[in-house]
Amino acid sequence: MKSFLIRWFCTTLAVGVAVSLTGMRVDGWASLLTMALILGALNAFVRPLLLLLSLPFVIVTLGFFILILNAFVLWFAGSLVPGFHVEGFWNAFFGAIIVSLMSWVLSAFFKGSDGKYHMVAPAGQMKQVEGRVIE
């Protein structure tokens, strides 16, 4: 539950920053919190399917199409939440970039239950990468 609340807080803060920097509008805190919750659910359940279906486009565009998908997911989430307004594709595009970067940076500041810093994984699991350095 704690991991979910941390991710929700990070997403809410990231969406709030994106609203202040782009042309998106929000009517109140309830809309902002709902938007973060809906966006997290869409990113967890719908976005992986969209990435799988659009894999040829992602490969051909060398990953740029992922930015387009992120924009459409943000735009769609904005249409589901009353009180949250995304005015056009370009606002969604730049908003999605801001939300992605802010979420990534904010999630780096939280410790896991083992006391180590972990990046919060999109699907809700915390993963630690182990490896060795080859010299």
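Attention here is on the structure that accompanies the text. (Residues numbered from 1 in each chain as written. Predicted model: local features only at pLDDT ≥ 70, side-chain atom pairs only at ≥ 80, totals over all residues. Heavy atoms only, no water.)

## Here's the deal with the packing of aromatic side chains
To describe a pair of aromatic rings, one takes the distance between the centres and the angle between the planes. One pass over the full model with this rule turns up ten aromatic pairs. Judged by centre distance (6.0 Å) and plane angle (20°), the ring pair of Phe72 and Trp75 falls under stacked. On the criterion of helical spacing, the pair formed by Phe72 and Trp75 is a turn pair, its members being three residues apart in helix H5 (residues 64-80). (Phe/Tyr/Trp six-rings, centres within 6.5 Å; stacked < 30°, edge-to-face > 60°. Helix = DSSP H or I, 4+ residues; strand = E, 2+ residues; numbered from the N terminus.)

## A word on the pattern of salt bridges
One pass over the structure, following the stated rule, counts one salt bridge. Taking the shortest distance from any N to any O, the salt bridge between Arg25 and Glu87 comes out at 3.1 Å. On the criterion of sequence distance, the pair formed by Arg25 in strand E1 (residues 25-26) and Glu87 in the loop between strand E2 (84-85) and helix H6 (89-107) is long-range, its members being 62 residues apart. Accessibility expressed as a relative area gives 43% for Arg25, which makes it partly exposed. Residue class for Glu87 comes out partly exposed when judged on its relative accessible area of 48%. (Salt bridge = Lys/Arg side-chain N within 4 Å of Asp/Glu carboxyl O. Buried < 20%, exposed > 50% of the residue type's maximum accessible area, 1.4 Å probe, protein only.)

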